[in-house]
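Architecture and fold: a report
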Amino acid sequence: MPRLPTDRLIRQQGSVWWDKALAVTAETGNRIVIAAVTQAAGTSGIAPGMTLADARAVLPDLLTLPSDYRADAAMMERLARWCCAYTPWVSLDGADGLWLDVTGCAHLRGGEQSLLDELLARLGGYGFCVRGGLADTPGGAWALARCGENRSVVPPGRTREALAPLPVAALRLEHETLSKLTRLGLRRIGDLYALPRISLANRFRLDVLYRLDQALGRRAEPITPRAHARPYRVRMAFPEPITQASDIAAALQLLLQRLCTRLRQEQSGCRHLEFHCHRVDGDIQRLEVGTARPMREPKQLARLFAGHLNQLDAAFGFETLILAANGVEQLEVFQELMAVGEGEAVGGSGSVDEPVNEPASGQDIAPLVDRLGNRLGFGQVRRLQPVASHLPERAYRAVPVFEAAAAEQGTAWPPGRPRPIRLLRHPERIETVSLLPSGEPGTPPAVFLWRRARHEIRAAEGPERLTPEWWRDESSWAKGARDYWRVEDESGRRFWLYREGPLRAVVPVQWFLHGLFA
Amino acid sequence: MEDSAAPIAGYAELDVLSNFTFLQGASHPDEYVLKAAALGLRAVGIADVNSLAGVVRAHVAAREAGVQLLVGARLRFQDAADLLAYPMDRAGYGRLCRLLTLGRRRARKGDCQLYRADLADWHEGQLFVAIPPEDLGPGDLGPEADSVFARYVTELGDWARLFPGRLYLAARTRYRGDDERRLKFLSDLAGSLPIPLVATNGVLMHGPSRLPLADVLSCIREKCCIDTAGYRVLDNAERHLKPAARMARLFRDYPDALARSLEIAGRCRFSLDELRYDYPDETTREGRSPQEELKHLTWKGARQRYPGRIPEKVSTQLEHELSLIGQLSYAPYFLTVHDLVSFARSAGILCQGRGSAANSAVCYCLGVTAVDPDRSDLLFERFISSERNEPPDIDVDFEHERREEVIQYIYEKYGRAHAGMTATVIHYRTRGAIRDVGKAMGLSADSIAALATQASGWSRDGLSDERVREIGLNPDDRRLRLTLDLAAEITGFPRHLSQHVGGFVMTRGRLDELVPVENAAMEDRTVIQWNKDDLDALGILKVDVLSLGMLTCLRKGFTLIRRHYGAAFDLNSVPGKDSAVYDMLCRADAIGVFQVESRAQMNFLPRMKPRTFYDLVIEVAIVRPGPIQGDMVHPYLRRRNGEEAVHYPSEELRRVLEKTLGVPLFQEQAMSIAMVAAGFTASEADKLRRAMATFRHSGTIHTFREKMIEGMAARGYARDFAERCFRQVEGFGEYGFPESHAASFALLVYISAWMKCRYPAAFACALLNSQPMGFYAPAQIVRDAREHGIEVRPADVNHSDWDCSLEPGGTVDVTGQAMALRIGLRQIKGLSREDGDWLVAARGNGYTDPLAIWRRAGLTPRALDVLARADAFSSMAIDRRQALWQIKGLGDEPLPLFAAAGEEDRGGEPGVVLPPASLGEEVVEDYAALRLSLKAHPLALLRAQHPDFASLTPAERLMEIPVEAQVSVCGLVLVRQRPGSASGVIFITLEDETGVCNVVVWSKIFERFRRAIITARLMRITGRLQREGIVIHLVADKIEDLSPLLDRLGNGISFQPELSPADEFSNPVLPQLKQQGKTRPVPRPRHPRDQAKVLFPSRDFH
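Quantities reported herein were computed from a predicted structural model and do not represent experimental measurements. (Residues numbered from 1 in each chain as written. Chains lettered and ligands numbered in written order. Predicted model: local features only at pLDDT ≥ 70, side-chain atom pairs only at ≥ 80, totals over all residues. Heavy atoms only, no water.)

**Points about the overall build of chain A**
Which entries qualify depends on this criterion: Each helix is a run of DSSP H or I of at least 4 residues and each strand a run of E of at least 2, with the numbering of both proceeding from the N terminus. Any two residues having at least one pair of non-hydrogen atoms within 4.5 Å are treated as being in contact. Here, Shrake-Rupley sampling with a 1.4 Å probe gives the accessible areas, and only protein chains in the shown set may cover a residue.
A tally of helices and strands in chain A yields 16 helices and 19 strands. Residue pairs at least 24 apart in sequence account for 53% of intrachain contacts in chain A once pairs closer than 6 positions are excluded. Total accessible area on chain A stands at roughly 27000 Å², and carbon and sulfur atoms take up 53% of it.

Following this line, the structure appears as structure tokens:
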């Protein structure tokens, strides 16, 4: 699949990009080089290996996107799975190829040629640029697919002749070896047939002979099929349908234990569980729960389901229960403590033999978050997170709790700059009375009127001068720098006021209230 | 409260970082000084972090603006908070320099490591201002803050004991809401120690408008993007210079702190003017004083230069110069240069002075320069004038391969404490600016790359909207606009210090008490912190030890001529006025000839038809951006060819312009026009020249422009003539040649042309042995040699030396002898000098097979492989493939056990027959291994293979084609150029088997065939023919990329002909830092001089 990265992107973006000159770039060292190109880009002279700058010089309006090896690999993985429709014996070849061992499968598709044609046609139909070849040996097929005529099939026993005209590059040799061969004038695989094996072995260590033998079938090269990923699913079927809530709960408990045992073995935990209950009449009842962090404790997980089990409508009874875990993530083993979580007492089981996988900590609000999340939806439970910015309204952001947990490290609230406990969403205009002519910065007002209440300022500290972020266009800061003051009124209430407007202006100085300290 | 109404005592700002604290300070030193003057500050102290690199600029500005400048540095310790150090006197300044040198010399290049303990030895004579750490202060409670506080109190106590009465504590208002508390806190702290408190403002920029730039600099420094910079950017724009009244209001409760700034300014009376520069004593003989010694040597030299009688004109000139030199006591300096030149002569290193020194008869008689004062009018005042009060500047070129010997000689003679190299300040240029600012502003990598490719299209006002649109970006985008504006603003900011190409400063006293000395990137080199302009401003003498490839070539050529033809020549004894040489130049037969080998020059030669030496002087000076931009070239040619009457705008200008037919071509003439026609004084004219040279002060240019044009108009000159003159002066500022310099270079032009004409084999051989240099790649040099009837023989293990050599044989050439040129092993890519030398040393009576080389010379199979690829075994009757095959069969080490046995005994392999190589493959392999092929030209092969090539016109037949005819040519791309002086036009030079063809591509066509032009190695170009005299251009209409044919020729081996070092597209946007040596030998333009190199490339001129 010579254009896999761009094919994938085009599939993602839809047909608008079909005929665009698009390239995927990769960073190597200090340079950005082209990793893959679409046909359109290719015909305009962009080739993999060029630096981005060179490519731009050639084609100024080239679209580029950074490469995503993981997504490409995932795509190959999916394609490999898809190919299992043709043979169970599929394996990945490098980053852009697939091996299919179709021994014994070809007749199902009307013979080798039609199998290959169908396979390639269908993949092509999905929008992939794809080349293929079929031969007796994996090496031979590799050579045909990459260097031979597309869709060619070598009849059994004819590999040697079929490969002879192909370039030596088709032998999967290292670049250096290839250039040596080229320099000697040995360009086609056929040129190698005539040479004494000992001479080849002397000069190219063993790799030329090794690859040649593989291609010609003189050395075995088995294809190892991909391992199938086992889904995180456990299942329980009953000879008699069950209807009792307690039976369902007990069955769930068993299922959870089986699932969690596997999770523990793999040192992972899950963040989302689906519980499917198949009713005898074919209906499927579903329950879902989520957690803020990966978990693998059956007890705690069971507690999350506890409130929801009564939503199940058993009717004539369930015959099969399936529990599936999604969002499986790595979960390191913690020092297992003999602590009793507060939940234990509530659950009433009183058992302490179940080790708790979390470090005991007074600030651990995870159980609370889990419960709130399962009630309100995890997107709704949010917390404030510091953002590095001098501007008060940009200095925090509300994020869903479980995302915050991951991103929290590294940012801290700025030291030394007291910020009000409550920041008004929109600063409110206040009317002020000043003792000094208000044109002079450097003094707060004496009295201000906010929401019809009069506040006499007894103490003030400031100013803290903040300048708008010049690289952003923000209407609320359009008037320029602000001088913030912390003030205290006669009843001891503290406010955060600011003065807006040109620092030197005489008249239009305006005061706003932006927050409350206490 | 009424403090604000109290009389303002005045203020001196002491805490200022200029942009010589790289990526921190956001204003130029001179901007601070001018701003301080405008605000009426009493004094301003610029203290850059561990550096004095920017002080001279500030000093010069302060001298003009009449503000007191405190010269100092901000000491940043590894183990303590910052201190500002301000020397009170010369001795204190010397100690500060020593201290900084200490810190700089122990760190890597550009870095400085100072420790508290260092100050113990070097604190005397200086005042110190302690800058409290940012995290010190009220409000921050807790153990952390306490320990910061405790540590700082101890530190201050230590300092106060070390220099009692000379320490102050700085306080500034930060506008973070707690200023009042903090000032009180600092005041209490100061009172408790006690140390006096002084008001500062922690200045980072001269005015608040630089805030965005300051933030962008922070991002570049921290390698982050503005959106993620967070607290690393400034919270407000208060860190700028403020007038005394505002400072008084901010410090209304601490008037003493304000007054103390003036106290410090009063105590630090040191000025850079006090640096009394002592030139080292030069050795004199027989008890003569330096002046007497100089006189002695000069007259001795004069008698040698003029064996018969010293011409009247010269002796008068000498008397005049000597008395002026005596008056200014520059004699030791001349003796130094004389000494260097004598050393070089004694070591057999060719050298020649250049630049304005060639205006001096003394330099001529001392053997430093080679322009005969008897034969030209010299303007000694351009070189030294008592009025300008500026030291003379003697630049001497040495052979590029042996300049290091001269440099080491200087270090040895004066010692490292007394000699150092001048720095060069590397400024942000467009490309680097857009890259760094773009990254900081979060532009995508490819937008930045796209903008950077347009860098050559930037004018002083930045990138035009059309160009932005052209590369697919939206010029109305706010972020992009900001980026472009900031990039334009940052252009001209210093980025780092680097080593000047060859400027040396020597002192009698310690150099490191004059200026801090730091390490250079090169081992064994030390660099001072000031550049050439700084030294000029302070009147410090320097010698430029430069390198010139052509001198290496000429020396090698002279040696070959002596060895093979038995004729002894040197730079002075080459016969002049050889008409055959001029004939050759008139034919533009100038490949390899100094200066005139570039395409532009070669075009110009047949039009100019040089017949005398002075014609060459003009030739060198005229094809330069200055005259071209000033539109002076064509008028000159027309007048010279008699197509236009020579007339002078006025009688007074006739004197100035007579020798160049009324067209100003030299720098001196441009200046003279300003003086004669616009009424400038000599020093004004010189200032004008300087203002042009440093174009970042573009602001001052306009005043000169006004003055010059108005001045000329008032004297009755036509306005458009005045405009033209000004444009020319403008061009000269950046790329101008003084006449004396052009004359020095013209001499080398003549000598190299003479050698090419009279000893073509020796010249080609020397040229090849001096690579890399010049405009042409070895392939063209060899081809040129063959066209001149010289037999060129291939590199061979049994015949070649490391260098190319001459051997008897071939046809008889102009010398009357038959000499063939043997390609040397140096031409083989990938062969090390060591291997080459072993191969030659162990050759004896020759090698019979590759194995013998392996055994006798101990070359590794890898090296043998390199030789085989170069087809260097042909004398053994082994072709390339056989040789490779045999060598591949060797193991990695010679086997000692088999050493005694017959060499053929190993392995007992069956013989093999490898597929024979086609001629095309051979040629391609030759190019790959040797950068040239003697077997055939690829185009000849292609022409034979492809019938449709028959419709193409070979380059040599273009002469016969009528003008405006439509022709197609095809050839290898030698060079693609996009000169800045020709807006958007591309020049391409193609080569086929019969010659070269020059193509002009208009920008419209370029856009259409952009890809082919940029990537093609083989091009077919169809266009119309234009001819002027014997100069032929093809104006392209259609361009095709035929490179795949080349690859097919090599049958899989990619054909990569070597491009000229001058080619501008082979690496469009290599980052500047990665340039060093590896990718291409030519550095990207930095200095305006280097810029010129790209415009009219030849690595030889500066």
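**Side note on the overall build of chain B**
Helix and strand content of chain B: 45 helices and 22 strands. Considering only contacts in chain B between residues 6 or more positions apart, those separated by 24 or more positions represent 73%. For chain B, the accessible area works out to roughly 41900 Å², and carbon and sulfur atoms hold 51% of it.

**A closer look at the sheet that holds strand β11 (residues 494–506) of chain B**
Residues and elements named next belong to chain B. As a reminder, the rule being used: Strands are treated as partners if at least two bridges between them are detected by DSSP. Helix axes use the C-alpha atoms of the stretch in contact, all axes being lines fitted to C-alpha atoms, and the angles between their N-to-C directions lie in the range 0 to 180 degrees.
Spatially, the seven strands line up as an open sheet ordered β8-β9-β14-β11-β10-β13-β12, and their pairing is mixed. Each edge of the open sheet carries a strand with a single partner, namely β8 (351–354) and β12 (517–519). When the angles between neighbouring strand axes are averaged without regard to direction, this sheet yields 45°. Pairing geometry for β12 and strand β13 (residues 526–531), over three bridges, is antiparallel. Directly across from Glu 518, in β13, lies its bridge partner Val 527.

**Focus: the pairing of β13 of chain B**
Stated precisely, the cut-off is as follows: The rule is simple: take the accessible area with a 1.4 Å probe, protein chains only, and divide by the maximum for that residue type; under 20% is buried, over 50% is exposed, in between is partly exposed.
Burial of β13 of chain B is extensive: six of the six residues sit out of reach of the surface. Adjacent in sequence and paired antiparallel, β12 of chain B and β13 of chain B are bridged by six residues, among which Asp 524 of chain B carries a positive phi angle near 70°.

**Digging into the interface of chain A and chain B**
Put simply, the test is: Take the accessible area each of two parts loses on contact, using a 1.4 Å probe, and add the two losses: that sum is the buried area. A pair is scored as a salt bridge if a Lys or Arg side-chain nitrogen falls within 4 Å of a carboxyl oxygen belonging to Asp or Glu. In the analysis that follows, any N or O atom pair within 3.5 Å is treated as a polar contact, provided that within protein one partner can donate a hydrogen and the other can accept it, and provided that, for residues neighboring in sequence, both atoms belong to side chains. We call Asp, Glu, Lys and Arg charged. Ala, Val, Leu, Ile, Met, Phe, Trp, Tyr, Cys and Pro are nonpolar, and the rest, Gly among them, are polar.
Facing the 54 residues of chain A at the interface are 62 residues of chain B. For the pair chain A and chain B, the summed buried area comes to about 5200 Å², and 56% of that belongs to carbon and sulfur atoms. Counting across the interface, chain A meets chain B through six salt bridges. With a shortest N-O distance of 3.7 Å, Arg 478 of chain B and Asp 473 of chain A are connected by a salt bridge. Taken together, the links from chain A to chain B amount to 16 residue pairs in polar contact (both at pLDDT 80 or more). Secondary-structure elements contributing two or more residues to the side of chain A that touches chain B are β2 (31–37), α3 (52–58), α8 (175–183), α10 (197–203) and β16 (453–466) of chain A. For the side of chain A that touches chain B, the residue count by class is 22 nonpolar, 15 polar and 17 charged.

**So, the pattern of salt bridges**
Once the charged atoms of two side chains with opposite charge are near each other, the side chains can pair. This model, assessed by the stated rule, comprises 101 salt bridges over all chains. Note that Glu 161 of chain A is salt-bridged to Arg 158 of chain A, the shortest N-O span being 3.2 Å. Residue class for Glu 161 of chain A comes out partly exposed when judged on its relative accessible area of 46%. Taking relative accessible area as the criterion, Arg 158 of chain A reaches 46% and is therefore assigned partly exposed. Residue Glu 238 of chain B is joined to Arg 246 of chain B by a salt bridge in which the shortest nitrogen-to-oxygen separation is 3.4 Å. Arg 246 of chain B carries the same exposure label as Glu 238 of chain B, and that label is buried. By sharing partners, the salt bridges in this structure join Arg 394, Glu 469, Arg 472 and Glu 474 of chain A together with Asp 227 and Arg 479 of chain B into a single network.

**Overview of helix α15 (residues 366–376) of chain A**
Residues and elements named next belong to chain A. Heads up, the rule is: The arc in question is the one spanned by the directions pointing from the helix axis to the C-beta atoms.
When we look at burial in α15, the residues that qualify are Ala 366, Val 369, Asp 370, Gly 373 and Asn 374. Considered in projection along α15, the buried side chains sweep an arc of 125° and stay on one side of the axis. Exposed and oriented more than 90 degrees from the buried face of α15 are Leu 368, Arg 375 and Leu 376. With its phi angle positive at about 95°, Gly 377 sits one or two positions after the end of α15.

**Concerning the state of the cysteines**
Residue and element names in this part refer to chain A. Heads up, the condition is: Here, a disulfide means two cysteine sulfur atoms that sit within 2.5 Å of each other.
Tallied over the entire structure, the rule returns zero disulfides over all chains. Among the cysteines around Cys 147, which has no disulfide bond, Cys 129 carries the closest sulfur, lying 14 Å off. Accessibility expressed as a relative area gives 28% for Cys 147, which makes it partly exposed.

**Considerations on the side chain of Thr 369 of chain B**
Looking at where Thr 369 of chain B falls in the secondary structure, it is placed in the loop between α13 (361–365) and α14 (380–383). Setting aside residues up to four positions removed in sequence, Thr 369 of chain B forms contacts with Arg 305, Gly 353, Ala 357, Ala 358, Ser 360, Cys 363 and Tyr 364 of chain B.

**So, the packing of helix α4 (residues 69–83) of chain A against helix α5 (residues 112–125) of chain A**
Residue and element names in this part refer to chain A. How we decide: We call two directions roughly parallel when the angle between them is under 35 degrees, roughly antiparallel when it is over 145, roughly perpendicular when it lies between 65 and 115, and oblique otherwise. Two helices cross in a left-handed way if the nearer one is turned anticlockwise from the farther one by less than a right angle. They cross in a right-handed way if the turn is clockwise.
Put simply, α4 and α5 touch, their axes get as near as 12 Å, and they point 140° apart. Of the possible angle classes, the one that applies to α4 and α5 is oblique. Classified by chirality, the crossing of α5 by α4 is right-handed. Taking contact as the criterion, the partners of Leu 79, Trp 82 and Cys 83 in α4 are, on α5, Leu 119, Arg 122 and Leu 123.

**Side note on unusual backbone geometry**
All names here are of chain B. The omega torsion of the bond from Leu 193 to Pro 194 falls at -20°, within 30 degrees of zero and hence cis. Relative to the helices and strands, Pro 194 is located in the loop between α6 (179–192) and β7 (197–199). The phi angle at Lys 609 is positive, at roughly 45°, despite the residue not being glycine. Secondary-structure assignment places Lys 609 in the loop between α23 (599–608) and α24 (613–622).

**Some details on helix α7 (residues 211–222) of chain B**
Residues and elements named next belong to chain B. Just so we agree on the cut-off: Any helix carries an expected span of 1.5 Å times its number of residues minus one.
An ideal rise of 1.5 Å per residue puts 16 Å on 12 residues; α7 measures up with 16 Å between its terminal C-alpha atoms. A large share of α7 lies buried, amounting to 10 of its 12 residues. For α7, every residue scored as buried is listed here: Leu 211, Pro 212, Leu 213, Ala 214, Asp 215, Val 216, Leu 217, Ser 218, Cys 219 and Ile 220. Where α7 is buried, its residues contact α16 (430–440) and α19 (478–490). Positioned one or two residues after α7, Lys 223 has a phi angle of 55°, which is positive.

**A few points about the environment of Gln 499 of chain B**
All names here are of chain B. Within the element layout of this structure, Gln 499 appears in strand β11. Placed 28 residues apart in sequence, Gln 499 and Val 527 show a C-alpha to C-alpha distance of 6.3 Å. Setting aside anything within four residues of it in sequence, one finds Gln 499 in contact with Met 421, Thr 422, Thr 424, Ala 520, Met 522, Arg 525 and Val 527.

**Quick look at the nonpolar core**
To keep things clear, this is the line we draw: Side-chain atoms within 4.5 Å are what join buried Ala, Val, Leu, Ile, Met, Phe, Trp, Tyr and Cys residues into a set we call a nonpolar core.
In this structure, Leu 192 of chain A together with Phe 558, Trp 754, Ile 828, Ile 853, Leu 867 and Phe 873 of chain B are the most contacted members of the largest nonpolar core, which totals 144 residues. Ranked by residues supplied to this core, first place goes to helix α32 (residues 739–758) of chain B with 13 residues. When sequence neighbours within four positions are dropped, the list of residues in contact with Leu 867 of chain B reads Val 797, Leu 825, Ile 828, Leu 831, Leu 839, Leu 859, Ala 872 and Phe 873 of chain B. Listed in part, the 124 residues of the second largest apolar core include Leu 99, Cys 112, Leu 189 and Ile 310 of chain B.

**Thoughts on the confidence of the model for chain A**
The cut-off we apply is this: Confidence of the predictor at the level of single residues is given by pLDDT, which spans 0 to 100.
Mean pLDDT over chain A works out to 81, with 87% of the residues at or above the 70 mark. Here residues 335–362 of chain A scores under 50 on pLDDT; set against residues more than four positions off or in separate chains, the count is 32 contacts.

**Re the confidence of the model for chain B**
Residue and element names in this part refer to chain B. The share of residues in chain B with pLDDT of 70 or more is 87%, and the mean pLDDT across the chain is 82. Low confidence marks residues 1–7, where pLDDT is under 50. Its contacts with residues over four positions away, or in another chain, come to three contacts. Both scores are available for the predicted complex, with the pTM at 0.73 and the ipTM at 0.72.

**Remarks on the sheet that holds strand β16 (residues 805–812) of chain B**
Across a sheet, strands are paired by hydrogen bonds formed along the backbone, either parallel or antiparallel in direction. All names here are of chain B. The mixed open sheet is built from three strands, whose spatial order is β15-β17-β16. The open sheet has two free edges, formed respectively by β15 (792–793) and β16, since each of these has just one partner strand. Sheet analysis places β15 next to strand β17 (residues 818–822), joined by two bridges and oriented parallel. When the bridges of β17 are listed, Arg 793 appears paired with Arg 822.

**As for the packing of aromatic side chains**
Heads up, the condition is: Centres within 6.5 Å make a pair out of two Phe, Tyr or Trp rings, where for Trp the six-membered ring is used; the pair is then stacked when the planes are under 30 degrees apart, edge-to-face when over 60, and tilted otherwise.
Under the counting rule described, the total for this entry stands at 25 aromatic pairs over all chains. Summarising the aromatic geometry, the rings of Tyr 484 of chain A and Tyr 498 of chain A are spaced 5.0 Å apart at their centres and angled 50° between planes, so their arrangement reads as tilted. Pair noted here: Tyr 484 of chain A is in strand β17 (residues 482–489) and Tyr 498 of chain A is in strand β18 (residues 494–500), with a separation of 14 residues, a long-range link. Judged by relative accessible area, which is 1%, Tyr 484 of chain A ranks as buried. Among the residues examined, Tyr 498 of chain A registers a relative accessible area of 2% and is labelled buried. Residues Phe 569 of chain B and Trp 754 of chain B carry aromatic rings whose centres are separated by 4.7 Å and whose planes lie at 70° to one another, so their mutual orientation is edge-to-face. Of this pair, Phe 569 of chain B sits in the loop between α21 (549–565) and α22 (579–586) while Trp 754 of chain B sits in helix α32, and the two are 185 residues apart along the sequence.

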